[in-house]
Amino acid sequence: MKKVFFILTVLATGTLFSQEKEVDFDKWSVELSAGVIKPTRAFAPKYYSNTPSIGQASLGVRYMFNNKFGLKADLGYANIESDETALEFKTTNYRGSLQGVMNLGNVLNFNEWTSRIGLLVHAGGGYSVNYYDEDILGFEPNGDNMLHIMGGITPQIKLTNSIALTADVSATGNVRQYLTWDGTQSNAQRGVDGFSVTASAGITFYLGKNEKHADWVGNDNTLKDKVMDLETRLAKVETDLIDTDQDGVPDYLDRENNTVSGVSVNSKGVAVDTNKNGIPDEIESSLDARFLNKDDYKPGTTTVTSGNNKNLIKDLITNGYVNVYFKTNSSNPETYSLEAINYLKTYLNENPGATAQLIGYADQIGNASYNTQLSQRRAKKVYDILVASGIAANRLSHKGNGEDTSAGKNSAEARQLVRRVTFKLN
C-alpha cells in the first residue's frame, strides 16, 4: 500500500507542478507514397481524365508533439492525362502543404486490442500550381497558381519499430483555380474552384534512437512505462536500504556488512577499532576483562605477573574462558575470536609436551542433525587454522558436540555465547 501511495503521489506531483517530462519515444518520421489521382471538377466540355490517373507521389516529413498530435510538411506531384475517349490534354500538378496530424488510433485506444494497426488523420493547406502541355493544346497557356486545402485518412500497419506500411485517401480543393484541369478555358466555379481525390500506398521510416515512435505509444502505455520506471526506482531504494548486519548503515554504503551486532560503526559501516588490532573497541574491553591481558603473560613461562598460579593459563583455556565464536550458520570464526586461537597457539608453543582437544558447539536453531555437523565443521576449522599456524597436527584433535542447550533458545545474545569452539588441554 505504501508503494502504491508513493507512486500515485509522484505522478500527481509531476502532473500538477511541472511540465510533462520528455517521454522516451521517437517523434520524427519520413513518409513516401505513390498512387492515383482523380480530378472531379472542373473540366471544359468533352475533356475528362482517366479513372483514375496513375502517376501521383508525395514526400513528407512529420513531427509528433506527443503520441496524439503533430505536424507534417509534404511535397506532392501528380500527372493528369485525358481518357482515351476524351479530348487530349496533359496536366502536371505540383504542391507543397503544411498539415496538422492527429493519431486517431491513440485517441481511440487502438493499443487495447492491437499493437500493429494504427490510424492517422491529417488536414491543412498550401500552395500548388498546374502546368499544361502546350504541344497538345496548340497554344501556350499560363500556369495556374493556386492555394489549396486538403484532408485525408491514413491507415497504418507496423512492420518493425522503425518501419510502417501506409495507405492514404485524401481530398484536395483548389482555391482560385482560374483554368479547368485541361487548361483550355476559364473555370466558371467560384470559391473552391477545383477538386481532386488521391489514393496512395506508402512506407513510413521512423527516425530516432528510442525503441518506439509516438505512433505506437498508447495512452496507458505511457502511464504504465512511468509507473514501471517508478517501481524499478523504488525497488532499488528498498534494496539499497537493506542493512544486513543491523549496524544502522545500509548495505550500499556499508564497507563491512558483517559487523558484530551491537558494536559502534563509522559512517561507512566499519567497526570502530581505535588501536587497529582487529577487535572492535566495544568488544575489546569485555575481552580484556574475560581473558588474560598481554601485559600479564610473559612468553617462555606459565606464570602470571599478578600471581603465582602456574596452571592459571591452562585453567583459563580449559575452563572455557577462552573461546572461539561464530555467526549463525557459519563455520568461519568471528574476527575478534582469532585472538582466542592465538592464546592456544602461544600456550602450545611454550609447552611442547601439551596437546589440545577442540570441541565445537551450535545453538538450538534448526535441525539437530545439521547442527551436529555444523559443530564438527567449526571444530575442524579451528583445527585447520592452528595447523596452518605451525602447530603439529598430532598435538590436536577435534570433535563436534552438537547443540548446547544451556542457553535460552529465544535469546539472540544467549545463542551467540553457545556458537563456539572450546579447548581442553592435556
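For the structure, check the block above.
Anyway, here's the lowdown on the structure attached to this text. (Residues numbered from 1 in each chain as written. Predicted model: local features only at pLDDT ≥ 70, side-chain atom pairs only at ≥ 80, totals over all residues. Heavy atoms only, no water.)

Let's talk about the pattern of salt bridges
Thought 1: Throughout the structure, instances matching the rule amount to seven salt bridges.
Thought 2: In this structure, E31 engages R62 in a salt bridge whose closest nitrogen and oxygen atoms are separated by 2.5 Å. One end of the pair, E31, is in strand β1 (residues 28-41); the other, R62, is in strand β2 (residues 53-64), and 31 residues separate them in sequence. You'll find E31 and R62 in the same group, each marked buried.
Thought 3: Connected through shared salt-bridge partners, E31, R62, K72 and D215 make up one network. (Salt bridge = Lys/Arg side-chain N within 4 Å of Asp/Glu carboxyl O. Helix = DSSP H or I, 4+ residues; strand = E, 2+ residues; numbered from the N terminus. Buried < 20%, exposed > 50% of the residue type's maximum accessible area, 1.4 Å probe, protein only.)

Focus: the packing of aromatic side chains
Thought 1: Throughout the structure, instances matching the rule amount to seven aromatic pairs.
Thought 2: Relative to Y94, the ring of Y77 has its centre 5.6 Å away and its plane inclined at 55°; by these criteria the two rings are tilted. Placement of Y77 in strand β3 (residues 69-81) and of Y94 in strand β4 (residues 90-103) is noted, with a sequence separation of 17 residues between them.
Thought 3: Residue classification places Y94 among the partly exposed residues on the basis of a relative accessible area of 40%.
Thought 4: Taken together, the aromatic side chains of W28, Y63 and F65 make up a single cluster linked through ring pairs. (Phe/Tyr/Trp six-rings, centres within 6.5 Å; stacked < 30°, edge-to-face > 60°.)

So, the sheet that holds strand β11 (residues 396-403)
Across a sheet, paired strands are connected by hydrogen bonds in the backbone, their directions being either parallel or antiparallel.
Thought 1: Judged by pairing direction, the sheet is mixed, and its four strands sit side by side in the order β9-β12-β10-β11 without closing on themselves. The open sheet terminates on both sides in strands that have one partner only, identified here as β9 (324-325) and β11.
Thought 2: Pairing analysis gives two bridges linking β9 to strand β12 (residues 420-425), with the strands arranged antiparallel. Bridge pairing in β12 places Y325 opposite R420.
Thought 3: Each of β9, β10 (356-362), β11 and β12 touches helix α7 (residues 338-350); the most contacted strand, β12, lies at about 15° to it.
Thought 4: Most of the contacts of helix α8 (residues 368-388) go to β11, to which it runs at about 155°, and overall it touches β9, β10, β11 and β12. (Pairing = 2+ DSSP bridges. Contact = heavy atoms within 4.5 Å. Axes fitted to C-alpha atoms, helices over the stretch in contact; angles between N-to-C directions.)

Some remarks on the sheet that holds β1
Thought 1: On the basis of which strands lie adjacent, the closed barrel formed by eight strands has the order β1-β2-β3-β4-β5-β6-β7-β8 and antiparallel pairing. The average undirected angle you get between the axes of adjacent strands in this sheet is 25°.
Thought 2: Examined bridge by bridge, strand β6 (residues 144-158) and strand β7 (residues 163-175) share 10 bridges and lie antiparallel to one another. For M150, the partnering residue across the bridge sits in β7 and is T172.

A look at the nonpolar core
Thought 1: L344, L348, V382 and F423 are the most contacted members of the largest nonpolar core, which has 21 residues in total.
Thought 2: Those elements that place two or more of their residues in this core are α6 (312-318), α7, β10, α8 and β12.
Thought 3: Sorting elements by how many residues they give to this core places α7 first, with five residues.
Thought 4: Not counting residues within four places of it along the chain, the set of residues in contact with L348 comprises A354, T355, A356, I391, R395, L396 and L425.
Thought 5: By size, the runner-up hydrophobic cluster in this structure holds eight residues, among which are A44, Y47, A78 and I80. (Core = buried A, V, L, I, M, F, W, Y, C linked by side-chain atoms within 4.5 Å.)

Considerations on a nonpolar patch on the surface
Thought 1: Nonpolar side chains collect at one region of the surface, where W28, L32, L59, V61, F205 and L207 lie side by side and expose about 520 Å² of accessible area between them.
Thought 2: For the nonpolar patch, the elements supplying multiple residues, two or more each, are β1, β2 and β8 (192-207).
Thought 3: Here F205 shows up in strand β8. (Patch = residues over 30% accessible without salt bridge, like charges linked within 9 Å, V, L, I, M, F, W, Y side chains within 5 Å. Areas by Shrake-Rupley, 256 points an atom, 1.4 Å probe, with all protein chains shown as cover.)

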